[in-house]
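Listed below are the residues making up each chain.
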Amino acid sequence: MANVFIKELFKHLDQTVTIKGWVYNFRSSGKIAFLQIRDGSGFCQAIVTQPLPKITIETSVILTGKVSKHPKKEEYELQVEDLKVVQLAQDYPIGKKEHGPDFLLENRHLWLRSPKQWAIQKIRHTIIYATYEWMDKNSFVRIDAPILTPAACEGTTTLFEVPYFDLGKAYLSQSGQLYIEAAIFAHGRCYDFGPVFRAEKSKTRRHLTEFWMMDAEMAFVEHDENLKIQEELISFIVQRVLEKNQTELKILERDPKPLENIKAPFYRLTHAEVVKKLKAMGADAKEDDDLGGDEETLLSKSFDKPVFVEKYPAKVKAFYMKRDPQNSNLALCADMIAPEGFGEIIGGSQREEDIEVLLARLKEHNLPREAFEWYLDLRKYGSVPHSGFGFGLERLVSWICNLEHVRESIPFPRMIYRLTP
Ligand code: 4AD
Ligand code: MG
């Protein structure tokens, strides 16, 4: 008997096949039982007319039977001829009743099986895969940045410290960017994609202490082209999800309409223009400060596509950002703000390529020169204008799936008050 995945049942109409999975729900009425089966690839109904052995929710089973089509829906079912219980599940803690977020997070190892959580991880997979695909087509080489590092990349307030043998302290990477900058002098265009760490004191729906970042970096690319690359990449990712994940979007009750509109070019506004706009909307935005979470949300809700906020005040941004040649108080940077209230998904900038300027910046930011000697070397041996950006995978997943909180976008979220499971 052919073993098949549920998502491929339609190819086997009227054939006898075997599926292996779990019972996520069932009901029986006298002589006939209806089992709802999932196998990782999809969901289907199995109809059992023979005496049913003891079954519980989440019992693992192997079923053999004939594939039939639902009389009204585009769904394929299994008319079971043989049912084997692999393990009779104990009382499953996640029921159909509403559970609070704490209970579900405490049971995250089980919660992952629920259809919505399943759909989110499938979409996350598409986003990761689409990123690799686009980067590869556009001549980027994947370079793996280290996680244990000697210094801060994104400011010292969110660093996780680890004792490191005789060398004293190491820090968990906040972003692979500085290392990817080194690699472009060998490969031209590079990216990394992996976990990063921020000891974020903020308990918001957008913050995790461990999350996944994709850092891209390009030699001989300046500010404008940097933004073009970002909007092309994001458009590609969203279109791929629309092609591959209609089933998952439906499970999530995510309206695909706003996503269909996500095509380059995106909107571009300077930070000064955004502050003006926000003030006109009654928000408390400041010319010389970063945007707060609420302001980001407000801005995000007023656009139907992502918007780049360009040229922030340099003093609120990282040491490596090049200044705007037209106004040295501003950074040649942009954050990409996703629509529908989701806020920042990308941070990026042109990088300072001049060693003297960079030395002055390290001083201003109170960063120890010794830890950055290797980074300064990149400005000594064939320095070139270059730019890059980093997207936060969980922010991207949350927007595309329309999730209330980033904690559902990652399999096992890490937050200030959560380290288990
Ligand atoms: O804006 P950030 O801090 O930029 C950097 O780290 C740069 N070095 C990236 C680069 O240029 N290569 O972080 C980049 C993105 C943010 O736009 C956001 O999407 C996400 O990472 N992010 C977080 N996601 C979840 N939880 C947090 N605590 C996050 N902090 C940043
Ligand atoms: Mg940022």
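Keep in mind it's a predicted model, so treat the numbers as computed, not measured.

Trainee: Which residues make up the domain arrangement of the protein chain, and what values go with them?
Mentor: In terms of domain boundaries, the protein chain breaks down into domain 1 (2-87) and domain 2 (109-409). Look at where the C-alpha atoms of domain 1 and domain 2 centre, and you get two points 44 Å apart. Facing the six residues of domain 1 at the interface are five residues of domain 2. Approximately 460 Å² of surface area, both sides summed, lies buried where domain 1 meets domain 2, with 59% of it carried by carbon and sulfur atoms. If you sort the residues of domain 1 by the area they bury against domain 2, Arg38, Gly40 and Phe43 come out on top, with a joint share of 68%. Inspection of the region where domain 1 meets domain 2 yields one salt bridge.

Trainee: Requested: an account of the site of ligand 1, with residues and values cited.
Mentor: Close to ligand 1 lie 21 residues, the nearest being Glu154, Gln177, Arg198, Asp215 and Glu344. Within the contact set of ligand 1, an oxygen atom lies 3.4 Å away from a backbone nitrogen or oxygen of Ile346. With respect to ligand 1, the backbone of Phe389 contributes an N or O atom lying 3.3 Å from a nitrogen atom. In isolation ligand 1 has 620 Å² of accessible area, and contact with the protein removes 94% of it. If you list the elements that add at least two residues to the shell around ligand 1, you get strand E12 (210-219), strand E18 (343-350) and strand E19 (386-392). Broken down by element, the residue count for the shell around ligand 1 peaks at four residues, all from E18. Among the residues forming the shell around ligand 1, the class breakdown is seven nonpolar, six polar and eight charged.

Trainee: Explain the sheet that holds strand E8 (residues 148-149) to me, using residue names and the numbers behind them.
Mentor: With respect to topology, three strands assemble into an open sheet ordered E8-E10-E9, the strand pairing being antiparallel. The open sheet has two edge strands with one neighbour each: E8 and strand E9 (161-164).

The rules behind the values
- Residues numbered from 1 in each chain as written.
- Chains lettered and ligands numbered in written order.
- Predicted model: local features only at pLDDT ≥ 70, side-chain atom pairs only at ≥ 80, totals over all residues.
- Heavy atoms only, no water.
- Domains from an automatic or database assignment.
- Contact = heavy atoms within 4.5 Å.
- Buried area = accessible area lost by both parts, 1.4 Å probe.
- Salt bridge = Lys/Arg side-chain N within 4 Å of Asp/Glu carboxyl O.
- Near = heavy atom within 4 Å.
- Polar contact = N/O pair within 3.5 Å; in protein donor to acceptor, adjacent residues only side chain to side chain.
- Areas by Shrake-Rupley, 256 points an atom, 1.4 Å probe, with all protein chains shown as cover.
- Helix = DSSP H or I, 4+ residues; strand = E, 2+ residues; numbered from the N terminus.
- Nonpolar A, V, L, I, M, F, W, Y, C, P; charged D, E, K, R; others polar.
- Pairing = 2+ DSSP bridges.

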